[in-house]
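What follows is each chain in one-letter form.
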Amino acid sequence: VRPLFSLCRTAGGRPGELPWHRDRVHSPLVAAVVMLSLLALVCGVVVAVRERPPGRVTLAVTGLAALVTLVQSGVAGYDLLQGRRPPELATYVGYLVGIVVVLPLAGAWAVAERTRWSGIVVAVGGFTVAVMTARLVMLARGTGV
Amino acid sequence: VFEGAPARARSTRPTGSGPGRVLVAVYAVFALAATSRAGVQLATDFSEAPLAYLLSAFSAVVYVVATVALATDRRWSRPLAFTACSVELAGVLAIGTLSLLRPEDFPRATVWSGYGSGYGFVPLVLPVIGLWWLRRTNRPETAV
């Protein structure tokens, strides 16, 4: 199984193996997380501009994005257990765990009070997940700060 | 401070309602970011930069307190939120200035380093908006 993120050399990496593999950064799953979280952002902004509370579509997109984010962290965690460790392991693990709670919390906070502002709450959550995924990719590449 | 407590309940609006929900959401993101950052720093290499890492932990506490205080609508919510936002503003200004004047004391970044430049200066703007929002909601219902 190919690793989700392009992580640095495995513990017992073969000689001549690249420290990271650019193609793996853009795995379909990571792309899906970014696309769906940005779609949640757009949906949230659209309902807010239309002065409506988030409807079924926005909440479905948010839920789907949350689910795919969970899968992403799960697969990345599996990669870690396989011994593919990025240089800043602790930060990387922190992001993998933290990113999972963002959209469920944003969704719950948005549903608890159904005003147009709840759409912006969803948008903030979607934006955060997209940024955190970008940071995950950087951390996995070893180019993160 | 709250001589008019019963009247206050009617003359103020909850800070976590309407546009305030967005403010709470952004504060929650920073509470998450600062807490994870501090946790990682304290767990991995605390001795490397104890001052910066303790400040990270302090900022994490401030963000968590501000998030809870702004989200809730209890008697203690408003004074607690005011305190947290004030401390946050003082912190980002002090740490931002110190991190520029004496970078050797801040070898590793905190959320407030460079006035929060690592987070798009949101840490600098957030307490100002928070204090403004507290002031705005501290009067009878107005059209939002």
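How each quantity is defined
Numbering of residues starts from 1 in each chain and follows the order in which that chain's sequence is written. Chain A is the first chain written and ligand 1 is the first ligand written, with later ones labelled in order. Only residues with pLDDT of at least 70 get local features here, since the model is predicted, and only at 80 or more are side-chain atom pairs given and counted; chain-wide, interface and lining totals rely on the full set of residues. Excluding hydrogens and water, the side-chain figures rest on all heavy atoms present in the structure. Helix and strand assignments follow DSSP, with helices taken as H or I runs no shorter than four residues and strands as E runs no shorter than two, numbered in order from the N terminus. Here the term buried applies to any residue with accessible area under 20% of the maximum for its type, exposed to any over 50%, and partly exposed to those in between, with areas from a 1.4 Å probe on protein chains only. The contact criterion used is simple: two residues touch if any of their non-hydrogen atoms lie within 4.5 Å. Think of pLDDT as the predictor's per-residue confidence, scored from 0 to 100. By definition, the buried area sums, over both parts, the 1.4 Å-probe accessible area that each loses when the two are put together. Throughout this description, the term salt bridge denotes a Lys or Arg side-chain nitrogen within 4 Å of a carboxyl oxygen of Asp or Glu. Within 3.5 Å is the distance limit for a polar contact, defined as a pair of N or O atoms, with the added protein rule that one can donate a hydrogen and the other accept it, and that residues adjacent in sequence qualify only through two side-chain atoms. Two aromatic rings, drawn from Phe, Tyr or Trp (for Trp, its six-membered ring), form a pair once their centres lie within 6.5 Å of each other, and the interplanar angle then sorts them: stacked below 30 degrees, edge-to-face above 60, tilted otherwise. A helix is expected to span 1.5 Å multiplied by its residue count minus one. Patches in this entry comprise residues that are over 30% relatively accessible and not in a salt bridge; like charges within 9 Å are linked, as are nonpolar side chains (Val, Leu, Ile, Met, Phe, Trp, Tyr) within 5 Å. For the accessible areas, the method is Shrake-Rupley and the probe is 1.4 Å, while residue cover comes only from the protein chains on display. Nonpolar core, defined: a set of buried Ala, Val, Leu, Ile, Met, Phe, Trp, Tyr and Cys residues in which side-chain atoms within 4.5 Å join the residues together. For helices, the fitted axis covers only the stretch in contact; all axes are lines through C-alpha atoms, and the angles between them, taken along N-to-C directions, range from 0 to 180 degrees. Under this scheme an angle from 65 to 115 degrees is roughly perpendicular, one under 35 degrees roughly parallel, and one over 145 degrees roughly antiparallel; angles in between are oblique. In this scheme, a crossing is called left-handed if the near helix is turned counterclockwise away from the far one by less than a right angle; it is called right-handed if the turn is clockwise. Throughout, the ten residues Ala, Val, Leu, Ile, Met, Phe, Trp, Tyr, Cys and Pro are labelled nonpolar, Asp, Glu, Lys and Arg are labelled charged, and all others, Gly among them, are labelled polar.

A. Focus on the overall build of chain A. Helices and strands together make up the secondary structure of chain A, namely 5 helices and 0 strands. Listing the helices and strands of chain A from first to last along the sequence gives α-α-α-α-α. Out of the 145 residues belonging to chain A, those deemed buried represent 46%. Long-range contacts, defined here as pairs at least 24 residues apart, represent 72% of the contacts in chain A between residues at least 6 apart.

B. Local environment of the environment of Val42(A). All names here are of chain A. Assignment of secondary structure puts Val42 in helix α2 (residues 28-49). Among the residues examined, Val42 registers a relative accessible area of 45% and is labelled partly exposed. For the pair Val42 and Ile120, spaced 78 residues apart in sequence, the C-alpha to C-alpha distance is 9.5 Å.

C. Quick peek at the confidence of the model for chain B. Chain-level statistics for chain B give a pLDDT mean of 87 and a share of 89% at 70 or above. Overall fold confidence (pTM) sits at 0.85, and the ipTM for the predicted complex is 0.83.

D. Broad picture of the interface of chain B and chain A. In this complex, chain B contributes 15 residues to the contact, which on the side of chain A involves 13 residues. The contact between chain B and chain A buries some 1300 Å² in all, and 74% of this surface belongs to carbon and sulfur atoms. Considering only the side of chain B, the residues that lose the most area to chain A are Arg21(B), Val22(B) and Leu32(B), jointly responsible for 45% of the buried surface there. For the pair chain B and chain A, the number of links is 1 salt bridge. Arg21(B) is paired through a salt bridge with Glu113(A); the nearest N and O atoms lie 3.6 Å apart. Summed over the shared surface of chain B and chain A, the number is 3 residue pairs in polar contact (both at pLDDT 80 or more). A total of 9 residues in the side of chain B that touches chain A trace back to one element, the largest contributor, which is helix α2 (residues 20-44) of chain B.

E. Representation of the packing of aromatic side chains in the model. All names here are of chain B. Per the counting criterion, the structure on display carries 6 aromatic pairs over all chains. With centroids separated by 6.3 Å and ring planes inclined at 80°, the aromatic side chains of Phe58 and Trp112 adopt a geometry described as edge-to-face. Of this pair, Phe58 sits in helix α3 (residues 50-71) while Trp112 sits in the loop between α4 (77-101) and α5 (122-137), and the two are 54 residues apart along the sequence. Of the residues examined, Phe58 reaches a relative accessible area of 41% and is grouped as partly exposed. Here a set of aromatic residues connected by ring pairs shows up, and it is made of Tyr27, Phe30, Phe58, Tyr63, Trp112 and Tyr119.

F. Looking closely at helix α4 (residues 89-112) of chain A. The first and last C-alpha atoms of α4(A) sit 36 Å apart over 24 residues, in line with the 34 Å expected at 1.5 Å per residue. Among all positions of α4(A), only Thr91(A), Tyr92(A), Tyr95(A), Leu96(A), Gly98(A), Ile99(A), Val102(A), Leu103(A), Ala106(A), Gly107(A) and Ala110(A) are buried. The secondary structure elements touched by the buried residues of α4(A) are α3 (56-81) and α5 (116-141) of chain A together with α2 of chain B.

G. Main features of a nonpolar patch on the surface. Judged by side-chain polarity, Val64(B), Val68(B), Trp76(B) and Leu80(B) come together as a nonpolar surface patch covering roughly 320 Å² of accessible area. Following the sequence through the fold, Val68(B) ends up in helix α3.

H. Spatial organisation of the nonpolar core. Counting residues in hydrophobic clusters, the biggest one holds 40 residues, and the most contacted among them are Tyr27(B), Tyr63(B), Leu70(B), Trp112(B) and Leu126(B). Breaking this core down by element, the ones donating at least two residues are α2, α4 and α5 of chain A together with α2, α3, α4 and α5 of chain B. With near-sequence residues (within four places) excluded, Leu126(B) lies in contact with Leu23(B), Val26(B), Tyr27(B), Phe30(B), Tyr63(B) and Glu88(B). Grouped together as the second largest cluster of nonpolar side chains are 18 residues, Ala65(A), Tyr92(A), Tyr95(A) and Leu103(A) included.

I. A look at the packing of α3(B) against α4(B). Residue and element names in this part refer to chain B. Direction vectors running N to C along α3 and α4 enclose 150°, while the axes themselves pass 8 Å from each other. Relative to α4, the element α3 lies roughly antiparallel. For the element pair α3 and α4, the recorded crossing hand is left-handed. Of the residues in α4, those in contact with Leu55, Phe58, Val62, Tyr63, Val65, Ala66, Ala69 and Leu70 of α3 are Ser77, Leu80, Ala81, Ala84, Val87, Glu88 and Ile95. Looking at side-chain class alone, the contact of α3 with α4 contains 13 nonpolar, 1 polar and 1 charged residues.

J. View of the pattern of salt bridges. Residues and elements named next belong to chain B. With the rule as written, the count across this model stands at 2 salt bridges over all chains. Taking the shortest distance from any N to any O, the salt bridge between Glu104 and Arg102 comes out at 3.7 Å. Classification of Arg102 as partly exposed rests on a relative accessible area of 42%.

K. Region of the structure containing unusual backbone geometry. Even without being a glycine, Glu51(A) presents a positive backbone phi close to 55°. In this fold, Glu51(A) is placed in the loop between α2 and α3. Judged by its relative accessible area of 58%, Glu51(A) is exposed. Its identity as a non-glycine residue notwithstanding, Phe121(B) has a phi of 60°, on the positive side. Within the fold, Phe121(B) resides in the loop between α4 and α5. For Phe121(B), a relative accessible area of 40% gives the class partly exposed.

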